[in-house]
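The residues making up each chain are set out below.
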Amino acid sequence: MRDFFSGRSKPIPSPNIWHWPDVYEVENRAQDVDGSIWAAMRARIDWSGRDVVDVGCGAGFHLPEFASTARRVVGVEPHAPLVKAARERTRDSASIDIVHGSAESTGLVDASVDLVHARTAYFFGKGCGPGIREAMRILRPGGALLIVDLDVSAGPYGEWMRADLPKYDPAAVEAFFDAQGFSLTRVEARWEFENRDDLRRVLGIEFTEKTAERAFAQVTGLAFSVGYRIHVRYKPRSLELA
């Protein structure tokens, strides 16, 4: 998981990337090795030649992929050390900017971007209203807020999450986004690691020790499937906002 945001004035800390950024970098490289999530995103909105914002961009791992075709990419990140890391990663790209901000307060002007992307940043649905409103504010008419989250109803990863978060209700989260006017697409992605030690380290920053050990034992090789939800809400093309 990356940083997730609520209606509070400050982001809720994300212990994995905030405390173990090097291990999280290993996790990023292992996720979606077949590009299934990127393909599903592009099927919903083409950001080629357009302006993109990545909310909760962390150390900027996804920014270069957006910048390969987008006109301009802005990474928004609340955690100062990660802002620094993202700027270091993208220092040679003239089309990428990093700002120190939050989902609720990006600092960007009205109707200035075409896509707001948030990956594993809006897990809990209810409470994300201020971030959604901010996205709608900065989107141009016809632009999209695209939220990529883990599908906690899908195993095996979802089963491990539910073991550590027994009160988490996937159906309630999906109902929240549905009520907010989002569509839903489910995607299955493959995570693959270079070695078993990397696999163990990543599971160790995502789960409690007990769950991480159980998960490690269940994965007999270097790869496993992970379910994702892609929620998309478009800003109306009319000047009158919904």
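Residues numbered from 1 in each chain as written. Predicted model: local features only at pLDDT ≥ 70, side-chain atom pairs only at ≥ 80, totals over all residues. Heavy atoms only, no water.

**Q** Can you walk me through the overall build of the chain in this structure?
**A** In terms of helices and strands, the chain carries ten helices and seven strands. What you see for the chain is a C-alpha radius of gyration of 17 Å, in line with the 18 Å of a compact globule of 242 residues. Projected onto the principal axes, the alpha-carbon positions of the chain cover approximately 55 × 40 × 35 Å. Across the 242 residues in the chain, those meeting the buried criterion constitute 54%. Once local pairs closer than 6 in sequence are excluded, the contacts in the chain between residues at least 24 apart make up 74%. Roughly 10,900 Å² of accessible area belongs to the chain as shown, and the carbon and sulfur atoms make up 52% of that amount. Of the charged side chains in the chain, 31 are positive and 34 negative; the average position of the first set lies 4 Å away from that of the second. (Helix = DSSP H or I, 4+ residues; strand = E, 2+ residues; numbered from the N terminus. Rg over C-alpha atoms; globule rule 2.2 N^0.38 Å. Buried < 20%, exposed > 50% of the residue type's maximum accessible area, 1.4 Å probe, protein only. Contact = heavy atoms within 4.5 Å. Areas by Shrake-Rupley, 256 points an atom, 1.4 Å probe, with all protein chains shown as cover. Lys, Arg positive; Asp, Glu negative; His and termini not counted. Charge placed at Lys NZ, Arg CZ, Asp CG, Glu CD.)

**Q** Would you mind showing me how to read the packing of helix α9 (residues 196–206) against helix α10 (residues 209–218) here?
**A** Helix packing for two helices is described by the angle between their axes and how far apart those axes are. Where α9 meets α10, the closest approach of the two axes is 9 Å, and the angle between their N-to-C directions is 150°. Between α9 and α10 lies a crossing of right-handed hand. Between α9 and α10, the residues in contact are Arg196, Leu199, Arg200, Leu203 and Gly204 and Ala212, Glu213, Ala215 and Phe216, respectively. (Axes fitted to C-alpha atoms, helices over the stretch in contact; angles between N-to-C directions. Left-handed = near helix turned anticlockwise from the far one by under 90°.)

**Q** Looking at this model, I keep getting lost on the environment of Thr208. Mind explaining?
**A** Within the secondary structure, Thr208 sits in the loop between α9 and α10. A sequence separation of 48 residues divides Thr208 from Trp160, and the C-alpha atoms of the two residues are 9.5 Å apart. Looking at Thr208, its side chain comes within polar contact range of the side chain of Thr211, at 3.2 Å. (Polar contact = N/O pair within 3.5 Å; in protein donor to acceptor, adjacent residues only side chain to side chain.)

**Q** Before we go on, may I ask you to explain the side chain of Glu77 in this structure?
**A** When you line up the elements, Glu77 lands in strand β2 (residues 72–77). Judged by relative accessible area, which is 0%, Glu77 ranks as buried. Among the polar contacts made by the side chain of Glu77, one reaches the main-chain amide nitrogen of Cys57 at a distance of 3.5 Å. Side-chain polar atoms of Glu77 contact the backbone nitrogen of Gly58, separated by 2.7 Å.

**Q** Please clarify how the state of the cysteines should be interpreted in this entry.
**A** Put plainly, a disulfide is one covalent bond tying together the sulfur atoms of two cysteines. Taken as a whole, this structure holds zero disulfides when the rule is applied. No disulfide involves Cys57; its sulfur sits 18 Å from the nearest other cysteine sulfur, which is in Cys128. (Disulfide = S-S within 2.5 Å.)

**Q** Teacher, can you tell me more about the confidence of the model for the chain here?
**A** Keep in mind that low pLDDT regions are not for reading the predicted coordinates in detail. Summarising the model, the chain shows a mean pLDDT of 92, and 92% of its residues fall at 70 or more. This model gives residues 1–9 a pLDDT under 50, and the stretch forms 52 contacts once residues within four places in sequence are excluded. (pLDDT = per-residue confidence, 0-100.)

**Q** Even after reading the chapter, I still don't get the sheet that holds β2, so can you show me in this structure?
**A** Sheets are built from strands that pair by backbone hydrogen bonding, the pairs being arranged parallel or antiparallel. If you walk across this open sheet you meet the seven strands as β3-β2-β1-β4-β5-β7-β6, and the pairing is mixed. Each edge of the open sheet carries a strand with a single partner, namely β3 (96–100) and β6 (183–192). Averaged over all adjacent pairs, the angle separating strand axes in this sheet is 20°, with direction ignored. With five bridges connecting them, strand β1 (residues 51–55) and β2 associate as parallel partners. Directly across from Val52, in β2, lies its bridge partner Val73. Helix-sheet contacts for helix α6 (residues 129–138) involve β1, β4 (113–119), β5 (139–150) and β7 (223–234), and the interaxial angle to β5 is about 145°. Docked against the sheet, helix α7 (residues 157–164) engages β5, β6 and β7, running at close to 80° with respect to β7. (Pairing = 2+ DSSP bridges.)

**Q** Just checking my understanding: could you explain helix α8 (residues 170–179) for this structure?
**A** Side chains three or four residues apart in an α-helix point the same way, a direct result of the helix having 3.6 residues per turn. Those residues of α8 that fall on the buried side of the exposure criterion are Pro170, Val173, Glu174, Phe176 and Phe177. Angular distribution of buried residues about the axis of α8 spans 150°; they occupy a single face of the element. The outward face of α8, more than 90 degrees from its buried face, is lined by the exposed residues Ala171, Asp178 and Ala179. The elements touched by buried residues of α8 are α6, β5, β6 and β7. Put simply, Asp169 is the residue that caps the front of α8, since its side-chain oxygen is 3.1 Å from the backbone nitrogen of Ala171. Gly181 sits one or two positions beyond α8 and adopts a positive phi of about 90°. (Arc of directions from axis to C-beta.)

**Q** Looking at this structure, I do not really get the pattern of salt bridges. What am I missing?
**A** Should their charged atoms come close, side chains of opposite charge can pair. In total, this model carries 18 salt bridges according to the counting rule given. For Arg140, the salt bridge goes to Asp51, with nearest N and O atoms at 3.0 Å. Taken together, the residues Arg140 in strand β5 and Asp51 in strand β1 connect sequence positions 89 residues apart. Of the residues examined, Arg140 reaches a relative accessible area of 24% and is grouped as partly exposed. Judged by its relative accessible area of 6%, Asp51 is buried. (Salt bridge = Lys/Arg side-chain N within 4 Å of Asp/Glu carboxyl O.)

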